[in-house]
Amino acid sequence: EEDIRIMQTICRNADIPLNVCAKVKRFEDIKKMIYAGAKRVFVKTEGQDNLDAVKEGSDRFGADRIYLYLEMDSLSEEGVAQGEAVPQPESQSLSLPERCLLRARKAVEEEGFGGIVLAGDFMDSVYVQTADFLKVKLNVPVFIMAETSDAAVAADLLKMSIASGMLFIGAPQNCRNACQDGRKN
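Quick look at the structure, then. It should be emphasised that the depicted structure is a prediction, and the values quoted were computed from it without experimental measurement.

Section: the overall build of the chain
Then comes step 1: In terms of regular secondary structure, the chain is built from nine helices and six strands.
Then comes step 2: For the chain, with 185 residues in total, the buried portion stands at 43%.
Then comes step 3: Nonlocal contacts in the chain, meaning residues at least 24 apart in sequence, comprise 57% of its contacts between residues at least 6 apart.
Then comes step 4: Carbon and sulfur atoms form 48% of the exposed surface of the chain, whose accessible area is close to 10,400 Å².

Written out as structure tokens, the structure is:
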């Protein structure tokens, strides 16, 4: 509940869209985030546990507000997306971008997601290529995630990609220093 209060405060005091990434267990979790002011909710899926909540959230608020948070590392390490309908031996012969496409296509076509947030090693060229591949193949917004304190690196990443946007995660130390100095971040 404290997270919801923080979101409400941010939305009241800042005139920018707020996107929220969270694990959701039920539709009410999504509803609270949307009502608190979130423009989009990026949902981390854990197997099939929350797909009913995702579908209901998508039906109620629009698929354009409910995105799948897709971690490339989980697909490369496991060989198969959680909840994926493709048998493991078959999916092992697929490339990482193809495995991402299978999971993302299922999310968009069957589970009610309106877009994708792709998380991975943004310094790896396969990551940017996969984001572009998903955007072209699925015709939905695809955001890429960058965890860096180097603005030039983040800008170069965006220049190389046709992604819809970027989720920027700066270095926590930089955020603390800016807040202590009284500067806005």
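The structure having been displayed, the exposition proceeds.
What to know about the pairing of strand 1 (residues 18-23)
Then comes step 1: Burial along strand 1 is one-sided: L18, V20 and A22 are buried, and none of N19, C21 and K23, which face the opposite way, are.
Then comes step 2: Strand direction decides the pairing type here: strand 1 and strand 2 (residues 38-44), joined by six bridges, are parallel. Across the sheet, residue L18 finds its bridge partner in strand 2, namely A38.
Then comes step 3: Taking the sense of rotation as the criterion, the β-α-β connection linking strand 1, helix 2 (residues 27-36) and strand 2 turns out right-handed.

Things to note about the packing of helix 1 (residues 2-13) against helix 2
Then comes step 1: Interaxial distance between helix 1 and helix 2 falls to 8 Å at its minimum, and their mutual angle equals 25°. Between helix 1 and helix 2, the crossing angle belongs to the class labelled roughly parallel. On helix 2, the residues touching I4, M7, Q8 and C11 of helix 1 are K32, M33 and A36.
Then comes step 2: Class assignment of the residues belonging to the contact of helix 1 with helix 2 gives a composition of five nonpolar, one polar and one charged.

Some details on unusual backbone geometry
Then comes step 1: Although it is not a glycine, N139 adopts a positive phi angle of roughly 55°.
Then comes step 2: Residue class for N139 comes out exposed when judged on its relative accessible area of 70%.

Things to note about the nonpolar core
Then comes step 1: If you look at the biggest cluster of nonpolar residues, it comprises 53 residues, and the most contacted ones within it are M33, L70 and L134.
Then comes step 2: What L134 contacts, discounting residues up to four positions off in sequence, is L70, C100, L101, A104, I116, L118, N139 and V142.

Examining the pattern of salt bridges
Then comes step 1: According to the stated counting rule, one finds seven salt bridges in the structure shown.
Then comes step 2: In this structure, R26 engages E28 in a salt bridge whose closest nitrogen and oxygen atoms are separated by 3.7 Å.
Then comes step 3: By relative accessible area, which is 32% here, E28 ends up partly exposed.
Then comes step 4: For R26, the salt bridge is made with D29, and the minimal N-O distance between the two is 3.7 Å.
Then comes step 5: Given the relative accessible area of 41%, R26 is considered partly exposed.
Then comes step 6: When salt bridges that share partners are traced, they join R26, E28 and D29 into one network.

A few points about helix 6 (residues 96-109)
Then comes step 1: Taking 1.5 Å of rise per residue, the 14 residues of helix 6 would be expected to cover 20 Å, and the 20 Å separating its terminal C-alpha atoms lies within 8% of that figure.
Then comes step 2: The complete set of buried residues in helix 6 reads L96, P97, R99, C100, L101, R103, A104, K106 and A107.

Some remarks on the sheet that holds strand 3 (residues 66-71)
Then comes step 1: On the basis of which strands lie adjacent, the open sheet formed by six strands has the order 1-2-3-4-5-6 and parallel pairing. The outermost strands of the open sheet, each flanked by one partner alone, are strand 1 and strand 6 (165-169). Averaged over neighbouring strand pairs, the angle between their axes works out to 25° when direction is ignored.
Then comes step 2: Across four bridges, the pairing between strand 2 and strand 3 is parallel. Its bridge partner lying in strand 3, V41 is registered against I66.
Then comes step 3: Each of strand 3 and strand 4 (115-119) touches helix 6; the most contacted strand, strand 3, lies at about 160° to it.

Some points on the packing of aromatic side chains
Then comes step 1: Scanning the model with the defined rule gives five aromatic pairs in all.
Then comes step 2: Considering the side-chain rings of F42 and F143, the 6.2 Å spacing of their centres and the 45° angle between planes classify their relative orientation as tilted. Taken together, the residues span a long stretch of sequence, with F42 in strand 2 and F143 in strand 5 (residues 142-147) at a distance of 101 residues. Grouping residues by exposure puts F42 and F143 together as buried.
Then comes step 3: Looking at K44, its charged tip hangs above the ring of Y69, at a distance of 5.1 Å from the centre.

Cut-offs used in this document
Residues numbered from 1 in each chain as written. Predicted model: local features only at pLDDT ≥ 70, side-chain atom pairs only at ≥ 80, totals over all residues. Heavy atoms only, no water. Helix = DSSP H or I, 4+ residues; strand = E, 2+ residues; numbered from the N terminus. Buried < 20%, exposed > 50% of the residue type's maximum accessible area, 1.4 Å probe, protein only. Contact = heavy atoms within 4.5 Å. Areas by Shrake-Rupley, 256 points an atom, 1.4 Å probe, with all protein chains shown as cover. Pairing = 2+ DSSP bridges. Right-handed = clockwise from strand over helix to strand, strands pointing away. Axes fitted to C-alpha atoms, helices over the stretch in contact; angles between N-to-C directions. Parallel < 35°, antiparallel > 145°, perpendicular 65-115°, else oblique. Nonpolar A, V, L, I, M, F, W, Y, C, P; charged D, E, K, R; others polar. Core = buried A, V, L, I, M, F, W, Y, C linked by side-chain atoms within 4.5 Å. Salt bridge = Lys/Arg side-chain N within 4 Å of Asp/Glu carboxyl O. Expected span 1.5 Å × (residues − 1). Phe/Tyr/Trp six-rings, centres within 6.5 Å; stacked < 30°, edge-to-face > 60°. Lys NZ or Arg CZ within 6 Å of the ring centre and 35° of its normal.

Purely geometric stuff here, so don't read any function into it on its own.
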